[in-house]
Amino acid sequence: MRRRRGHSLVELLIAMLLLGTVLGTLALSLHRMFRAEQRISDHLVLGSELERLATQLRTDTHASLTASVGTVAEDAATGRDDRLTLVQADDQQIEYRITEEQIERVVSEAGKAVHRETYRLATDVQATWQVQEDFERPVIGLVWSCRTEPNGGLAGSAPGRIQAAVGVVREP
C-alpha cells in the first residue's frame, strides 16, 4: 500500500470552512462588543455633561437677582420654553438656550457675549424650562424626558429634573 503525503482537496476545504465559521463568529462578537462599548461610553459622556450642567446651572441661578423663562423668536413654533435668562449683579446676564442637540450657555456683560459653552443632549431627549413661584424664592427647573422608551435607564436617556432657587447666594 502506498502512503499519502499531504491532504486531499476535500480535507482542505473542510478545514477552511471551519476556520471561516470560527473567524466569522469572532468578528460578529467583536463588532457587538465594540458597539456596546460605544453606547456605554456615549451614556457616560452624557451623564457627565448633565452633572456639569447641573452644577453650573445651580451656581448661576443661586447667584442671580432675577430669572425669566421664554421662547426664542425663531423657535416659537415649537411651543415650548427654550430660553432661560438669569440677570446677575454687575450688569451680567446669563442665557441658557435649548436646541435639539444641546443646551447653550452664553454669559454677557453690558450686552456683549464674553463666554459661551455647550452641553450635549441625547438625541431622544426633549428638554424644557419651568418656573415655580410657590416658594419664598422662584425655583427654576430644567426638565427632560425621552421621546422614545428609555434605553435601559442609562444616564442621558432617563427622564429627569434639575432644580435651583433664584438668589440664594446674594445678601437679603
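Positions within a chain are numbered from 1, following the residues in the order the chain's sequence is written. Per-residue local features of the predicted model are confined to residues with pLDDT of at least 70, and side-chain atom pairs are confined, for both listing and counting, to 80 or more; whole-chain, interface and lining totals are unaffected and use all residues. Note: side-chain values were computed over all heavy atoms of the structure, leaving out hydrogens and water.

K.L.:
Help me out: how do you make sense of the nonpolar core in this one?
P.N.:
In summary, soluble globular proteins display a tendency toward joint burial of nonpolar side chains. With 23 residues, the main nonpolar core has Tyr96, Ile103, Trp129 and Leu142 as its most contacted residues. To qualify as a helix, a DSSP run of H or I must reach at least 4 residues; to qualify as a strand, a run of E must reach at least 2; elements of each kind are numbered from the N terminus. For this core, the element with the most residues is helix H1 (residues 9-62), which contributes 5 residues. It only takes one pair of heavy atoms within 4.5 Å for two residues to be counted as in contact. Excluding residues within four positions of it along the chain, Tyr96 makes contact with Leu53, Gln56, Leu57, Asp60, Asp82, Arg83, Leu84, Leu86, Ile103, Glu104, Arg105 and Trp129. By convention a nonpolar core is built from buried Ala, Val, Leu, Ile, Met, Phe, Trp, Tyr and Cys residues, the set being connected through side-chain atoms within 4.5 Å. Relative accessibility decides the category of a residue: with a 1.4 Å probe and only protein chains considered, values under 20% of the type maximum give buried, values over 50% give exposed, and everything between is partly exposed.

K.L.:
It is not clear to me how a nonpolar patch on the surface should be interpreted in this structure. Could you clarify?
P.N.:
Exposure above 30% relative accessible area and the lack of any salt bridge qualify a residue for a patch; like charges then connect within 9 Å, and the nonpolar side chains Val, Leu, Ile, Met, Phe, Trp and Tyr within 5 Å. The Shrake-Rupley method, run with a 1.4 Å probe, gives the accessible areas here. Residue values count only the displayed protein chains as cover. Put simply, a salt bridge is a Lys or Arg side-chain nitrogen that is within 4 Å of an Asp or Glu carboxyl oxygen. A grouping of Leu19, Leu23, Leu26, Leu30, Met33 and Phe34 is seen on the molecular surface, where their side chains present a nonpolar patch of about 600 Å² in accessible area. Looking at where Phe34 falls in the secondary structure, it is placed in helix H1. On the basis of relative accessibility, which here comes to 52%, the residue Phe34 falls in the exposed class.

K.L.:
Would you explain the sheet that holds strand S3 (residues 92-98) in this entry?
P.N.:
Two orientations exist for strands paired in a sheet by backbone hydrogen bonds: parallel and antiparallel. Strand order in the open sheet formed by 5 strands is S1-S2-S3-S4-S5, with antiparallel pairing between adjacent strands. Lying at the two open borders of the sheet, with one neighbouring strand each, are strand S1 (64-70) and strand S5 (112-120). Pairwise comparison of adjacent strand axes, ignoring direction, gives a mean angle of 15° for this sheet. We treat two strands as partners when DSSP finds at least two bridges between them. Sheet topology note: the S3/strand S4 (residues 102-109) ladder contains 7 bridges and is antiparallel. Note that in S4 the partner of Glu95 across the bridge is Val106. Axis lines are fitted to C-alpha atoms, over the contacting stretch for helices. Their N-to-C directions set the angle, which ranges from 0 to 180 degrees. Where H1 meets the sheet, it contacts S1, strand S2 (83-88), S3, S4 and S5, and its direction lies at approximately 140° from that of S5.

K.L.:
Is there a simple way to think about unusual backbone geometry in this case?
P.N.:
Leave glycine aside and you will find that most residues have negative phi; peptide bonds, for their part, are mostly trans. Here the phi dihedral of Asp90 falls at roughly 65°; this positive angle occurs in a residue that is not glycine. Locating Asp90 in the fold gives a position in the loop between S2 and S3.

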